[in-house]
Amino acid sequence: MKPLLLESAFPTLRNDMTIAVAQIEATGQMPATDGLEPPVVLDMTMSYVLFLIKDQRTTAAMQAIEYLVYADDNDRLPLLYASWLWLARMTLMIADGQHTLALSSAESALQQLTDITGKKTEDFQAQLAGILYNLAIIHHTTGDSSRAAKELTRSQKLYERLASRNDARFSAMLIYAVDATTDIIQSRTKQMNVLAHYQSTTELYTAMLEQGGDAGQTRQALTALVDSLKNEGDIMLQMGNGRNAVKYFTKALRYQKKLGEPLGHKDLVLSIGLAKGLLRLINRRAAAEQLLTSLLPLARRLQAHNEVIEIENLLLGKSKTNNIMTLLKGIF
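Note that the structure is predicted; figures quoted are calculated from it, not measured.

Moving on, we get to the layout of surface pockets. Within this model, the largest pocket holds a volume of roughly 860 Å³. Along its surface, the largest pocket is lined by 30 residues, and T142, K276, R280, E310 and L314 are the ones closest to its centre. Contributions of two or more residues to the lining of the largest pocket are made by α5 (99-114), α6 (122-141), α9 (215-238), α11 (265-279) and α13 (305-331). At nine residues, α13 tops the list of elements feeding residues into the lining of the largest pocket. Residue classes in the lining of the largest pocket are distributed as nine nonpolar, eleven polar and ten charged. The space that makes up the second largest pocket amounts to roughly 520 Å³. Lining of the second largest pocket is provided by 22 residues; of these, S146, R147, K150, E151 and M325 occupy positions nearest its centre. Of the residues that constitute the lining of the second largest pocket, the class distribution is eight nonpolar, five polar and nine charged.

Our focus in this paragraph is unusual backbone geometry. A positive phi angle, close to 60 degrees, is found at Q56, a residue other than glycine. Checked against the element boundaries, Q56 lands in the loop between α2 (38-54) and α3 (58-69). Q56 gets classed as exposed once you look at its relative accessible area, which sits at 69%. Positive phi values are uncommon outside glycine, yet Q303 reaches one of about 55 degrees.

Cut-offs and rules
Residues numbered from 1 in each chain as written. Predicted model: local features only at pLDDT ≥ 70, side-chain atom pairs only at ≥ 80, totals over all residues. Heavy atoms only, no water. 1 Å grid on protein atoms, 1.4 Å probe; cavity = no way out; pocket = protein on both sides within 12 Å on 5 of 7 lines; lining within 4 Å. Points joined across faces, edges and corners; volume = space filled by probe spheres on them. Helix = DSSP H or I, 4+ residues; strand = E, 2+ residues; numbered from the N terminus. Nonpolar A, V, L, I, M, F, W, Y, C, P; charged D, E, K, R; others polar. Buried < 20%, exposed > 50% of the residue type's maximum accessible area, 1.4 Å probe, protein only.

Here it is as structure tokens:
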């Protein structure tokens with residue numbers, strides 16, 4: 001998926017910035033603000049942030065954004081200004097691969113939008129469409145194509161409506177959203193083909209176990225069966241089918257225990273997969289959180305640094321995702 005075009009969601013400023021923008025583009029610097037009223041300085045700063053992002057000066061853009069949203073007087077920021085700054089931060093975090101921080105920014109952006117009364121305005125809907133598009137990028141990148149498809153569908157509908165009113169501003173993002181739909185459909189087709197392969201493999205190794213054989217062959221078939229069941233569980237997670245993911249990871253753990261090996265890295269990976277599946281089930285999220293919390297000591301004992309980070313991100317991301325879903329329901 002292509003990155004969000006932040007200019008499409010940029011709010012309508014309260015002051016004419018034509019001259020200031022020309023100066024910024026000519027010099028690459030923030031113009032002098034001596035003697036200017038605070039609202040004019042703020043509009044100039046917002047324009048400068050957008051310029052920095054488009055000029056790929058990411059570090060400077062992040063510093064400017066954080067200065068504005070964390071300033072002591074940030075309550076002076078108009079809500080649409082604040083929500084766009086958080087959306088911009090989300091976009092930069094996605095580009096940097098920091099998806100948990102991107103979700104935090106999405107949550108902050110949505111919190112600003114919930115307090116806005118004019119939810120039918122072009123600026124409001126442009127930012128909402130942008131947040132949904134970015135959420136689709138995150139979930140598509142992290143393998144959750146089912147959730148990505150839902151978010152992208154909502155985003156695309158908003159862009160269709162916006163483009164019908166203002167083609168010049170929104171046509172590019174509508175094209176991006178339509179192109180992304182094709183990417184997700186292709187991804188889902190690939191997932192189905194891979195799933196069919198793993199299901200055939202699972203049936204093969206299950207038959208081998210039922211037929212019996214020497215200890216070496218049985219152990220080899222058992223190990224391969226665990227791997228195949230794990231792969232099926234992973235595909236189910238990507239497709240958003242938490243219930244079947246739980247089923248496959250539970251079976252994989254059961255067969256893994258039959259190998260009689262000490263609790264190790266594979267048990268940890270399978271248990272994390274099980275927790276991910278439980279997180280998709282509304283009535284099992286508490287169990288998922290409890291399981292993840294109990295897995296942290298094992299991950300640390302095994303010095304499985306990647307898994308420690310994954311568990312911590314899942315525990316943090318769980319609350320972020322739940323808050324985002326609640327905020328979106330309130331807006332829609």
